[in-house]
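# Understanding the architecture of this molecule
Here is what each chain is made of, one letter per residue.
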Amino acid sequence: MKLITATIKPFKLDEVRSALTELGVSGMTVIEVKGFGRQRGHTEIYRGAEYTVDFVPKTRLEVAVKDEMAEPAVEAIMKAARTGKVGDGKIFVTDMHRAYRIRTGETDDGAL
Amino acid sequence: MGTDCSVNKYSGRGTRVMAGALACLALVLAPLPSLRAFADASSAPATTSSAPAAAATTADATAAAPVAPADACPAMPTAPCTVTNDKINSGDTAWMLTSMALVLMMTIPGLALFYGGMVRKKNVLSTLMQSFAITALVTVLWWFIGYSLAFTPGSTPYLGGLSRMFMNGALSLADSKTTTVSHLAPTIPEVVYSMFQLTFAIITPALICGSFAERMKFSAMLWFMGIWSLVVYAPIAHWVWEPSGWLAAKGVLDFAGGTVVHINAGIAGLATALMLGKRIGYGKEPMAPHNVAFTVIGASLLWVGWFGFNAGSEVAADGRAGMAMTVTQIATAAAALAWMFAEWIIKGKPSVLGIASGAVAGLVAITPASGFVLPNASVLIGVVAGVVCFVSATSLKKVLGYDDSLDAFGVHCIGGIIGALLTGALVSKEYSGMDSTVLTQLWGVGSTLIYGFVMSLIILKVIDMTIGLRVTPEEEREGLDIALHGERVE
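The text that follows walks through the structure, step by step, so that each part is easy to find. These numbers come from a predicted model, not from an experiment.

## A few points about the overall build of chain A
Looking only at helices and strands, chain A features two helices and six strands. Each helix and strand of chain A, ordered N terminal to C terminal, gives the series β-α-β-β-β-β-α-β. For a compact globule of 112 residues, the expected C-alpha radius of gyration is about 13 Å, and chain A comes in at 17 Å, more than 25% above that figure. For chain A, the C-alpha atoms occupy an extent of roughly 60 × 30 × 20 Å along the three principal directions. Burial statistics for chain A: of 112 residues in total, 17% are counted as buried. Considering only residue pairs separated by 6 or more positions, chain A has 69% of its internal contacts joining residues 24 or more positions apart.

Listed below in structure tokens is the structure:
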């Protein structure tokens with residue numbers, strides 16, 4: 001199994017979710033994160049005090065998939081999340097050893 | 001500076017229990033004198049007596065003192081006195097009842113939110129707590145002795161007397177159909193005037209909190225504000241507003257408290273900022289406001305409530321109150337725009353924190369002038385306040401190196417000084433019947449700055465030497481909400 005972690009621009013979440021559901025991916029977890037790569041942050045000013053904020057808000061998706069679904073899922077995410085402008089994000093794919101469904105106790109592929 | 005504030009012999013639980021017990025005992029015993037006085041039906045500082053016939057009551061023949069109009073108001077009263085109820089103007093009274101509520105709203109929740117939004121999230125509750133606790137504390141002290149010290153004539157021009165301690169004698173009597181009034185507001189009941197003035201006595205110390213935000217011990221703050229309200233606020237209010245006060249006698253004009261409230265609070269704020277020192281990480285770590293929306297709501301409540309502050313200071317529902325309202329609105333708008341444009345030009349973007357701050361600066365500056373100037377002058381006052389306070393709030397502390405966290409000095413003291421001096425320059429004698437000069441106004445400005453600064457430092461030093469002023473570095477890091485109050489906002 002593979003764990004796909006995608007950090008994307010927040011407004012792209014709906015598109016990515018639709019693309020993955022179309023593929024048959026049954027669930028995902030979403031977290032709000034902050035980060036930066038090559039994209040620059042912004043400056044805030046409060047009564048003359050300037051704050052340079054490096055971190056940009058992003059959305060992180062985690063999806064666990066069977067090995068054969070990994071490539072298609074990554075393709076789908078890339079296509080849906082891409083705007084062509086700096087800050088589109090990154091996708092990491094890691095090997096996952098075990099998965100469990102808490103309600104039934106099913107493991108590995110049965111849990112996905 | 002006051003950073004060694006850890007455990008000492010006065011911070012133990014036993015001390016707190018004792019202090020609480022003493023406070024409760026004092027509160028319980030306090031009304032006793034007034035009960036006796038009520039039975040005697042004698043009230044306080046009488047001057048001359050021409051007796052309007054407050055007819056002696058028939059029914060209950062309490063052999064003791066008859067209902068004596070010994071303190072019936074003379075033609076030009078100089079102290080609280082008694083009038084028959086037909087002298088009470090219901091329009092004035094209705095307006096003043098409203099004004100009291102408006103000005104109280106300025107502190108809770110106006111100022112509370114204004115400041116609360118500007119601190120970091122971990123300190124928001126402690127900031128709100130300061131405004132709320134000061135409201136309660138100053139109220140009790142006002143009833144106890146503050147009102148008497150500020151608004152009764154005393155044996156010197158520097159402080160009032162004790163005749164209205166526990167607000168003794170300020171009341172209406174059903175049998176004689178009389179009501180006591182203050183010599184400063186002869187058409188409304190004295191208690192209404194007292195409560196109106198209380199709201200000023202409340203907001204002044206609450207303003208000081210802006211300077212020491214995010215680092216002062218709650219206990220130290222309570223002690224400081226309690227003592228300060230009696231030793232600094234009451235005397236200065238007396239000097240400026242009590243006709244026998246020495247600044248009033250000099251001709252210093254302060255319609256609604258530019259000096260008494262704003263310069264006073266601002267310079268005390270500077271004293272606290274210097275005594276407590278800068279916040280940990282100041283200048284290096286981000287300390288951005290956690291909720292500017294709160295601040296805007298607070299500023300809006302301040303703006304609306306300020307009509308009670310300025311127009312209410314006319315203590316009558318009349319044309320001058322209407323003009324005070326008018327110049328307040330115009331000056332505030334002018335100042336808000338001035339700050340906004342200044343920031344837009346100099347910093348590149350007009351911020352909502354900026355426009356809100358500009359409005360507050362305008363409100364502060366128009367305060368002393370509000371009963372004395374006409375609309376054209378108010379535009380000038382607003383623009384000057386907006387621009388100058390923009391500079392003082394954004395640059396002055398960086399240049400001079402103190403941490404006046406929420407700009408109590410930068411906006412209130414500087415704005416108050418601008419207003420006080422411009423009052424001298426722009427007062428319309430034809431309209432208001434009063435006159436002053438910039439030089440005369442300087443007496444008020446200077447004496448408040450000096451007395452306020454020195455006394456604040458003394459009180460702070462005494463508190464620092466006994467219980468300590470500042471929280472520990474660990475508490476400051478953790479956040480005052482959790483550390484001092486055991487609460488937080490998610």
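## Thoughts on helix H2 (residues 67–81) of chain A
Residues and elements named next belong to chain A. For H2, spanning 15 residues, the distance from its first C-alpha to its last is 22 Å, which sits close to the expected 21 Å at 1.5 Å a residue. Buried within H2 we find Met69, Ala73, Ala76, Ile77 and Ala81. The buried residues of H2 occupy an angular sector of 110 degrees when the element is viewed end-on, so they sit on one face. Opposite the buried face of H2, at more than 90 degrees from it, the exposed residues are Glu68, Glu71, Glu75 and Lys79.

## Details of the sheet that holds strand E2 (residues 172–173) of chain B
In space, the three strands of this open sheet follow the order E1-E3-E2 (chain B), with antiparallel pairing throughout. Across the chains shown, the open sheet's two edge strands, defined by having one partner strand only, are strand E1 (81–84) and E2 of chain B.

## Some thoughts on helix H10 (residues 319–347) of chain B
Its 29 residues give H10 of chain B an end-to-end C-alpha distance of 41 Å, which sits within 8% of 42 Å, the value for a rise of 1.5 Å per residue. Once H10 of chain B finishes, Gly348 of chain B follows within two positions and takes phi at roughly 100 degrees, a positive value.

## Comments concerning the packing of helix H13 (residues 408–426) of chain B against helix H15 (residues 438–466) of chain B
All names here are of chain B. At their nearest, the axes of H13 and H15 sit 7 Å apart, and the two run at 150 degrees to each other. Classified by the angle between their axes, H13 and H15 sit roughly antiparallel to one another. Handedness of the H13/H15 crossing: right-handed. Between H13, through Ile417, Ala420, Leu421, Thr423, Gly424 and Ala425, and H15, the contact on the second element is made entirely by Val438, Thr440, Gln441, Gly444 and Val445. Partitioned by chemical class, the residues of the contact of H13 with H15 number six nonpolar, five polar and no charged.

## Section: the sheet that holds strand E1 (residues 2–8) of chain A
All names here are of chain A. The strand order across the open sheet formed by four strands is E2-E5-E1-E6, and the pairing between neighbours is antiparallel. Of all strands in the sheet, those bounded by a partner on one side alone are strand E2 (29–35) and strand E6 (89–95). Going from strand to strand, the sheet's axes swing by 20 degrees on average, the running direction of each strand aside. With seven bridges connecting them, E1 and E6 associate as antiparallel partners. Note on E6: the bridge partner recorded for Thr5 is Phe92. Sitting on the sheet, helix H1 (residues 13–23) touches E1, E2 and strand E5 (56–65), and the angle it makes with E5 is about 10 degrees. Sheet contacts for H2: E1, E5 and E6; angle to E1, the most-contacted strand, approximately 5 degrees.

## Focus: the packing of helix H9 (residues 292–310) of chain B against helix H11 (residues 352–366) of chain B
Packed helix pairs are characterised by how far apart their axes lie and by the angle those axes make with each other. Residues and elements named next belong to chain B. As a packed pair, H9 and H11 sit with axes 10 Å apart at the nearest point and diverge in direction by 20 degrees. Considering their axes alone, H9 and H11 lie roughly parallel with respect to each other. As H9 packs across H11, the resulting crossing turns out to be left-handed. Mapping the contact onto sequence places Val292, Thr295, Val296, Ala299, Leu302, Trp303, Trp306 and Asn310 in H9 and Val352, Leu353, Ala356, Ala359, Val360, Leu363 and Ile366 in H11. Among the residues forming the contact of H9 with H11, the class breakdown is 13 nonpolar, two polar and no charged.

## Digging into the interface of chain A and chain B
If you look at the interface, chain A gives six residues, while chain B gives eleven residues. The element contributing the most residues to the side of chain A that touches chain B is strand E3 (residues 42–46) of chain A, with three residues. Considered class by class, the residues forming the side of chain A that touches chain B number three nonpolar, one polar and two charged.

The rules we used
- Residues numbered from 1 in each chain as written.
- Chains lettered and ligands numbered in written order.
- Predicted model: local features only at pLDDT ≥ 70, side-chain atom pairs only at ≥ 80, totals over all residues.
- Helix = DSSP H or I, 4+ residues; strand = E, 2+ residues; numbered from the N terminus.
- Rg over C-alpha atoms; globule rule 2.2 N^0.38 Å.
- Buried ≥ 20, exposed ≤ 12 C-beta atoms within 10 Å, placed from the backbone.
- Contact = placed C-beta atoms within 7 Å.
- Expected span 1.5 Å × (residues − 1).
- Arc of directions from axis to C-beta.
- Pairing = 2+ DSSP bridges.
- Axes fitted to C-alpha atoms, helices over the stretch in contact; angles between N-to-C directions.
- Parallel < 35°, antiparallel > 145°, perpendicular 65-115°, else oblique.
- Left-handed = near helix turned anticlockwise from the far one by under 90°.
- Nonpolar A, V, L, I, M, F, W, Y, C, P; charged D, E, K, R; others polar.

In short, shape yes, function no, at least from these values alone.
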